[in-house]
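# Understanding the architecture of this molecule
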Amino acid sequence: MFRISWKRFVDDEGGATAMEYGLLAALVVAAIVAGVTLLGGNAGNTYTTLATSVK
C-alpha cells in the first residue's frame, strides 16, 4: 500500500506545473517592478521640469 502511494506521489506532475506558474508570475512581477523603478524616476523628473517651466 505504501509503495503504491509513493509511486503515485512521485509520478504526479501537478506540483511541477504549479511551480512553473509560480516562477512565471515571479518573473512578471520582477519585470513590472524593474519597469516602474526605471520609468518612475524619469516621470518624476519630467513632471518637475514641467512644473518649474510653468511657474
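If you're wondering where the values come from, they're calculated on a predicted model, not measured in any experiment.

On to the overall build of the protein chain, then. Each helix and strand in the protein chain was counted, giving two helices and zero strands. In the protein chain, buried positions account for 0% of the 55 residues. Accessible area of the protein chain: about 5,200 Å², with a carbon and sulfur share of 72%.

Quick look at a nonpolar patch on the surface now. On the surface, a cluster of nonpolar side chains totalling about 640 Å² of accessible area is made up of Tyr21, Leu24, Leu27, Val28, Ile32 and Val36. Within the secondary structure, Val36 is located in helix H2 (residues 14-54).

Parameters and conventions
Residues numbered from 1 in each chain as written. Predicted model: local features only at pLDDT ≥ 70, side-chain atom pairs only at ≥ 80, totals over all residues. Heavy atoms only, no water. Helix = DSSP H or I, 4+ residues; strand = E, 2+ residues; numbered from the N terminus. Buried < 20%, exposed > 50% of the residue type's maximum accessible area, 1.4 Å probe, protein only. Areas by Shrake-Rupley, 256 points an atom, 1.4 Å probe, with all protein chains shown as cover. Patch = residues over 30% accessible without salt bridge, like charges linked within 9 Å, V, L, I, M, F, W, Y side chains within 5 Å. Salt bridge = Lys/Arg side-chain N within 4 Å of Asp/Glu carboxyl O.

Fair warning: the whole summary comes from geometry, so function is off the table for now.
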